[in-house]
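As a plain string of letters, each chain reads:
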Amino acid sequence: MSSEEAKVVVPRNFRLLEELERGEKGIGDGTVSYGMDDADDIYMQSWTGTILGPHNTAYDGKIFQLKLFCGKEYPESPPSVKFQTRINMACVNPQTGVVEPSLFPMLANWRREYTMEDILVKLKKEMMTSHNRKLAQPPEGTEEARADPKGPAKCCVM
C-alpha cells in the first residue's frame, strides 16, 4: 500500500468543526483569532477573523477584521478572504478589501492541509515584510464603507 493510498481525507464538515474548535480555544500568541460569523450557518461557510497589527509596523496598535468564506469546495479550494477594516497592503485590493490570490501565494498555491488559521498567521507575517511594514495606512474610522450588510460580527475570540 503506497502512502498515497494510506491518506485519509477528512470530510469538509468534520474539517470545519475541527477548525471551529481550534478557533474557539484560542490559538498561538493571541494576535490572530477566528470563529463562525453565524452560528445558524449549517454549511459553516461564513467566518470572521481578527488580526492584531504587528509591533513596529504601520499596523501596530490596530485591530483588523476579516471575512472568510468557505465555499462548498473548501478545503480543496481556498476560502475567499476580505478585510472589513480598511488596510493598505500589497496583496489586498484597496477598493474592495479582497485578498487577491494572485498576489498572496498561500491562496494562489492552495493545499488542502492549509487552514484559516494558517491564512491569518501568514497575512500577519505579510504585514511585517519589508514592502508592507511601512506603508501608510488609511485613517481610523473609515471601516463603514466596507461594512457587512448583515451587520457587525456576532462574536470574535480574542
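Everything here concerns the structure above.
The notes below deal with the structure included here.

Each value, and the rule that gives it
- Residues numbered from 1 in each chain as written.
- Predicted model: local features only at pLDDT ≥ 70, side-chain atom pairs only at ≥ 80, totals over all residues.
- Heavy atoms only, no water.
- Pairing = 2+ DSSP bridges.
- Helix = DSSP H or I, 4+ residues; strand = E, 2+ residues; numbered from the N terminus.
- Axes fitted to C-alpha atoms, helices over the stretch in contact; angles between N-to-C directions.
- Contact = heavy atoms within 4.5 Å.
- Phe/Tyr/Trp six-rings, centres within 6.5 Å; stacked < 30°, edge-to-face > 60°.
- Buried < 20%, exposed > 50% of the residue type's maximum accessible area, 1.4 Å probe, protein only.
- Core = buried A, V, L, I, M, F, W, Y, C linked by side-chain atoms within 4.5 Å.
- Salt bridge = Lys/Arg side-chain N within 4 Å of Asp/Glu carboxyl O.

The next point concerns the sheet that holds strand E4 (residues 80-83). Pairing in this open sheet of 4 strands is antiparallel, and the strands run E1-E2-E3-E4 from one edge to the other. With one partner strand each, in any of the chains shown, strand E1 (32-36) and E4 form the two edges of the open sheet. Strand-to-strand twist of the sheet, defined as the mean angle between neighbouring strand axes without regard to direction, takes the value 20 degrees. Here E1 runs beside strand E2 (residues 46-52); their pairing, made up of 5 bridges, is antiparallel. If you follow Met36 over to E2, its bridge partner there is Trp47. Of the strands in this sheet, E1 and E2 touch helix H2 (residues 12-25), which is tilted by about 130 degrees from E1. Packed on one face of the sheet, helix H4 (residues 116-127) meets E1, E2, strand E3 (63-69) and E4 and runs near 35 degrees to E2.

Let's shift gears to the packing of aromatic side chains. Taken as a whole and assessed by the stated rule, the structure comprises 5 aromatic pairs. Both rings, one in Tyr74 and one in Trp110, keep their centres 6.1 Å apart while their planes meet at 45 degrees; by these two values the pair is tilted. Here Tyr74 is found in the loop between E3 and E4, whereas its partner Trp110 is found in the loop between helix H3 (105-108) and H4, with 36 residues between them in sequence. Like Trp110, Tyr74 is buried. Seen from their ring centres, Trp110 and Tyr114 are 5.5 Å apart, and the 80 degrees between their planes marks the pair as edge-to-face. A relative accessible area of 13% places Trp110 in the buried class. Residue Tyr114 is classed as partly exposed on the basis of its relative accessible area, which comes to 23%.

Core analysis: the largest hydrophobic core is formed by 30 residues, its most contacted members being Trp47, Ile51, Phe83, Met89, Val99 and Leu123. Secondary-structure elements contributing two or more residues to this core are H2, E1, E2, E3, E4, H3 and H4. With 5 residues, the single largest contributor to this core is H4. Apart from residues no more than four positions distant in its own chain, Val99 is found in contact with Val81, Phe83, Cys91, Val92, Phe104, Leu107 and Leu123.

Backbone torsion omega between Tyr74 and Pro75 reads 10 degrees, so that peptide bond is classified as cis. Relative to the helices and strands, Pro75 is located in the loop between E3 and E4. Residues other than glycine seldom take positive phi values, yet Met44 does so here, at roughly 55 degrees. Residue placement: Met44 occurs in the loop between E1 and E2. Residue class for Met44 comes out buried when judged on its relative accessible area of 6%. One non-glycine residue, Asn56, adopts positive backbone phi at about 60 degrees. On the accessibility criterion, Asn56 (61% relative accessible area) is exposed.

One pass over the full model with this rule turns up 6 salt bridges. The partner of Glu117 in a salt bridge is Arg22, with the nearest N and O atoms 2.4 Å apart. In this pair, Glu117 sits in helix H4 while Arg22 sits in helix H2, placing the two residues 95 residues apart along the sequence. With relative accessibility at 13%, the residue Glu117 sits in the buried group. Overall, Arg22 belongs to the partly exposed group, its relative accessible area being 45%.

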